[in-house]
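# Notes for the structure review
These are the residues of each chain, in order.
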Amino acid sequence: MNINISLLSILKKLFKFNFSLLLLLALVKPTFAQKQITGRIFNSQNAPIELANVLLFAQSDTSKLLKGTVSDSLGKFQLEGIDDGKYLIKINFIGFKSKRLEVEKTTQKDLDLGSLVLANDATLLEGIEVVGQRSIIQKTSTGFIINAETTLSQQGGTAVDLLRNTPTVFVDAEGAVSLRGKTPLILINGRNSKLTNLGNIPASSIARIEIITNPNAQYDAEAENGIINIVFKKGTKLGTNGAFGVGLGYGERTRFNSSALLNRKTGNWNIGLGYDNRFANRNRRVRGDRVNFNLPTQYFLTQRRSDNRDEINQNIRFILDYENQRNVFNFEAIHSIDDENNFETLFSTFETQNRGFTSRTRRFSEELRKESVTELALSYKRKFPQKSRKLQIDMTTSFGLGKENTNINTQDLMADNQESGLPYAQRTSFIDDSNISNLRADYSQKIGQGTFETGYKGVLRLSTNDFKQENQVRDETKISFPIYVSNLYN
C-alpha cells in the first residue's frame, strides 16, 4: 500500500514538473526566435515588383552569398535567421537597375527596410513601354520563361549575366548557378549537353531561358532540384532571311560579342547556319579577412586577391528541319571553342592574437585553359490523328576535349614586403577527353480516363583523364617558371 502511494506521489510530481517545463519553454521561446530583415519593393509607379531577387552578403566578404529570397506578389520579402552584424543587400530584377544597401542589424531587433524603389533601366526600356517588363517574364504551369531578346542591357554578356537578374536564380562570385539554393539541371535546347558552362554562351545567341521549378514526370530524378533550359535563336520565317547583332560593354575592361544567323525555309524544309562569338576581359579584386580561433600564432588571416581574365568564346551551329503531315525531323550540330587565360596574384598575411606579424606570402598563378565541344542531335516526332497519342525519339552525342595548364609561383615576404628566400614553384596540367551519347524514346496514349506512358533512356559515357603535377625543390636556384608580380599589396 505504501509503495503504491509513493508511486502515485512521484507521478504527480513528474506531471507538475513537465507542465512547468513546457510553460517555461513557451515563455522563453520568443527570446530565441529567429530575427529577420524585411522590406517591400516597388517600381517608380508605386506598383509592387514580384519575383525580384534579394541577396544578402556580409560587408566583410561580399564574394560569398549568405542568404537569398524573392519578393512576393505584393513586393514583400523576408530574410530569416539573420545574426547581428553589418550586411550588404543587393536587389536585382530584369528591366530595372540593381540596388545596393549597406545595413546593420542590432541585437533583439527585426530590421524593416520599408519601401524600396527600383529605377527603370533606360537601356532596356528604349523603344519599349514601361509595361513591357511584364513581357520579359512569362509564367507557366511549371515555372516561368525569360525572353532574352528583350533584355538589351545584357546583350554584351553571357547566359550567366542573364541569370544574375532572373528570379529564384542565384549566381555567386565564381559564376556557379543555383536555383532556389540547389544545383539545377542545365539543358540546351531541351536536352542534356556538354555545353554546361553558361559563361561560354553569349547572350546574343539566346532566344529565351526556361526556368522549370516544378518538373513533371517527363524528366528524370536528376531534375528534382529544378531545370534551367537555354534555348538558342532559330529562324522560322518563310523564304531566305538573316539577322546580325553586335553587343559591346565597357567598364574597367571591355567586352564584345556578335551573332549572325542565316536561314532559309521553303516547303517542308528549313535550313539554318548560325555563328556567335564573345571577347571579354575581366578584372576582379577580393578582400578576405578570417579569424582562426584555434591557431594562436595564425589567429588573423588577411588576404588580398587580384585577377585578370581574358576570354574568347566562339560557337557555330547548323540546323536542318523537315516536317510533313505525319513526321517531324530535327537535326542540329554545334561546335564550340573556348579559350580562357587567368592571371591571379594573392597576398596572404598571418598575425597573432595581438596583431603581431607571423608570415606573409605572395602567390602568382597563371591558368591557361582551352576546350572544344562538338555536339550532334537528332530528334523525331510522330504526329498522330489522335492528339492524345505522342511518340518522340531523341539521340545526341557530344565530343569534348579540354586542356588546362597552371603555373604557380609562391614567394615568402617579410613584414616590409621584402622577398625572403627562394620562391616555390608548382606546375599542373590536365587533359579531359570525353564522349557522352544519349538515346531517349517516349510514348504516351490516352486510354479512357487515364493515360498510358512508357519510354526508354540510355546514356553511354566514355572519359579519359590525364593529370600531372610538378613541385620545385626549395634549394634550386634556377626558376623555370616566369614570375609575374602585381602591385596590389601596398
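As the structure is a computational prediction, the values presented were derived from the model and not from experiment.

### A closer look at the overall build of the chain
Helix and strand counts for the chain stand at 4 helices and 24 strands. The 490 residues of the chain split such that 39% are buried. Long-range contacts, defined as pairs at least 24 residues apart, comprise 65% of the intrachain contacts of the chain with a sequence gap of at least 6. Total accessible area computed for the chain in this model is approximately 28200 Å², and 53% of it derives from carbon and sulfur atoms.

### Remarks on unusual backbone geometry
Phi angles above zero are rare outside glycine, and Asn189 is one such case at about 55°. Relative accessible area serves as the criterion here: at 26%, Asn189 is assigned to the partly exposed category.

### Notes on the pattern of salt bridges
Inspection of the entire model under this criterion finds 22 salt bridges. Between Glu210 and Arg208 there is a salt bridge whose closest N-O contact spans 3.0 Å. Of the charged contacts in the structure, one is a salt bridge between Arg369 and Glu340, with a shortest N-O distance of 3.1 Å. Taken together, the residues span a long stretch of sequence, with Arg369 in strand β21 (residues 357-383) and Glu340 in strand β20 (residues 327-351) at a distance of 29 residues. Taken as a pair, Arg369 and Glu340 share a single burial class, namely buried. Several salt bridges converge on common partners, so that one network encompasses Arg278, Arg309, Glu311, Asp338, Glu340, Arg369 and Glu371.

### Describing the sheet that holds strand β4 (residues 76-80)
One open sheet accounts for 3 strands, arranged β4-β1-β7; its pairing is mixed. At either end of the open sheet lies a strand with only one pairing partner, and these are β4 and β7 (111-117). Neighbouring strand axes in the sheet, compared pairwise and without regard to direction, differ in orientation by 15° on average. One ladder, built from 5 bridges, connects strand β1 (residues 36-42) with β7; its direction is parallel. Along β7, the bridge assignment pairs Phe42 with Val117.

### Concerning the nonpolar core
The nonpolar side chains of a soluble globular protein tend to be buried, and buried together. Among the nonpolar cores identified, the biggest contains 49 residues, and Ile89, Leu113, Leu163, Leu198, Ile209 and Ile228 are the most heavily contacted of them. Per-element accounting of this core gives the leading share, 4 residues, to helix α4 (residues 159-164). Non-local contacts of Leu163, meaning those with residues more than four positions away in its chain, are made with Val169, Val171, Val177, Leu198, Ile209, Ile211 and Ile228. Residues Leu185, Leu187, Ile212 and Ile227 belong to the second largest nonpolar core, which totals 5 residues.

### Focus: the confidence of the model for the chain
Detailed reading of the predicted coordinates is not advisable wherever pLDDT falls low. Residues of the chain with pLDDT of at least 70 account for 82%, and the chain-wide mean is 81. The element-level mean pLDDT for the chain is lowest in helix α2 (residues 122-125), coming to 50, with β21 highest at 94. Note that residues 28-33 has pLDDT below 50 and, in this model, 1 contact with residues that lie over four places away or in other chains. The model gives residues 124-134 a pLDDT under 50, and that stretch makes 16 contacts with residues more than four places away or in other chains.

### Regarding the sheet that holds β20
In any sheet, the strands associate via hydrogen bonds between backbone groups, in a parallel or an antiparallel arrangement. Spatial ordering of the open sheet is given by β16-β17-β18-β19-β20-β21-β22-β23-β24, a layout of 9 strands whose pairing is antiparallel. Both outer strands of the open sheet, β16 (239-250) and β24 (450-471), are each paired with one neighbouring strand and no more. Taken pair by pair, the neighbouring strands of this sheet meet at an average axis angle of 10°, ignoring direction. Pairing between strand β17 (residues 254-266) and strand β18 (residues 269-291): 12 bridges, direction antiparallel. Along β18, the bridge assignment pairs Asn263 with Gly272.

### Description of a nonpolar patch on the surface
Together, Phe244, Val246, Leu248, Phe256, Phe279 and Ile312 make up an exposed nonpolar region whose accessible area comes to about 600 Å². No other element matches β16, which puts 3 residues into the nonpolar patch. Its location among the elements puts Val246 in strand β16.

### Description of the pairing of strand β19 (residues 300-323)
The pairing of β18 with β19 spans 23 bridges and is classified as antiparallel. Bridged to Asp289 within β19 is Thr302. Sheet analysis places β19 next to β20, joined by 24 bridges and oriented antiparallel. Looking at the pairing, Phe300 lines up with Glu351 of β20. Where β19 folds back on β20, the antiparallel hairpin that results is connected by 3 residues.

### Quick notes on the side chain of Arg440
In this structure, Arg440 sits in strand β23 (residues 419-447). Judged by relative accessible area, which is 19%, Arg440 ranks as buried. Polar side-chain contacts of Arg440 include one of 3.0 Å to the side chain of Asp442.

### Considering the packing of aromatic side chains
Inspection of the entire model under this criterion finds 7 aromatic pairs. Aromatic pair Trp269 and Tyr322: ring centres 4.8 Å apart, planes at 55°, arrangement tilted. Here Trp269 is found in strand β18, whereas its partner Tyr322 is found in strand β19, with 53 residues between them in sequence. The exposure class assigned to Tyr322 is partly exposed, which follows from its relative accessible area of 21%. Each ring, one from Tyr299 and one from Phe300, has its centre 4.9 Å from the other, and the planes form 80°; the classification is edge-to-face. Take Tyr299: its relative accessible area is 14%, and that puts it in the buried class. Of the residues examined, Phe300 reaches a relative accessible area of 17% and is grouped as buried. Put simply, the rings of Phe293, Tyr299 and Phe300 touch in pairs and so form one group of aromatic residues. Geometry around Phe300 places Arg355 over its ring, the cationic atom sitting 3.7 Å from the centre. Across the ring face of Phe384, the terminal group of Arg389 is positioned such that the distance to the ring centre comes to 4.1 Å.

### A closer look at the environment of Leu301
With respect to the secondary-structure elements, Leu301 resides in strand β19. In this structure, the C-alpha to C-alpha distance between Leu301 and Val291, residues 10 residues apart in sequence, is 6.3 Å. Aside from chain neighbours lying at most four places away, what touches Leu301 is Gly288, Asp289, Arg290, Asn292, Ser348, Thr349 and Phe350.

What counts as what
- Within every chain, residues take consecutive numbers counted from 1 along the sequence as written.
- At least 70 in pLDDT is required for a residue's local features to be given in this predicted model, at least 80 for side-chain atom pairs to be given and counted, and no such filter applies to totals for whole chains, interfaces and linings, which use all residues.
- Water and hydrogen atoms play no part in the side-chain values, which are based on all heavy atoms of the structure.
- By definition, any uninterrupted DSSP run of H or I lasting at least four residues is a helix, any uninterrupted run of E lasting at least two residues is a strand, and each is numbered from the N terminus.
- For every residue, the accessible area obtained with a 1.4 Å probe (protein chains only) is divided by the maximum for its type, and the residue is called buried under 20%, exposed over 50%, and partly exposed between those limits.
- Contact between two residues is taken to exist if any of their heavy atoms lie within 4.5 Å; hydrogens are not considered.
- Throughout, the Shrake-Rupley method with a 1.4 Å probe supplies accessible areas, and for residues the shown protein chains are the sole cover considered.
- In what follows, salt bridge is the name for a side-chain nitrogen of Lys or Arg lying within 4 Å of a carboxyl oxygen of Asp or Glu.
- A pair of strands counts as paired when DSSP detects no fewer than two bridges linking them.
- Only C-alpha atoms enter the line fits that serve as axes; for helices the fit covers just the stretch in contact. Angles between N-to-C directions range over 0 to 180 degrees.
- The term nonpolar core refers to a set of buried residues drawn from Ala, Val, Leu, Ile, Met, Phe, Trp, Tyr and Cys, joined through side-chain atoms within 4.5 Å.
- One number per residue, pLDDT, summarises how confident the predictor is, and it ranges from 0 to 100.
- By definition, no residue in a patch forms a salt bridge, and every one has over 30% relative accessible area; like charges are joined within 9 Å, nonpolar side chains (Val, Leu, Ile, Met, Phe, Trp, Tyr) within 5 Å.
- Under this definition, polar contacts are N or O atom pairs within 3.5 Å; protein pairs additionally need one hydrogen-donor-capable and one acceptor-capable atom, and for neighbouring residues in sequence, both atoms have to be side-chain atoms.
- Pairing of aromatic rings covers Phe, Tyr and the six-membered ring of Trp, with a centre-to-centre limit of 6.5 Å; geometry is then stacked below 30 degrees between planes, edge-to-face above 60, and tilted otherwise.
- Look at NZ for Lys and CZ for Arg. If either is within 6 Å of the ring centre and within 35 degrees of the ring normal, a charge sits over the ring.

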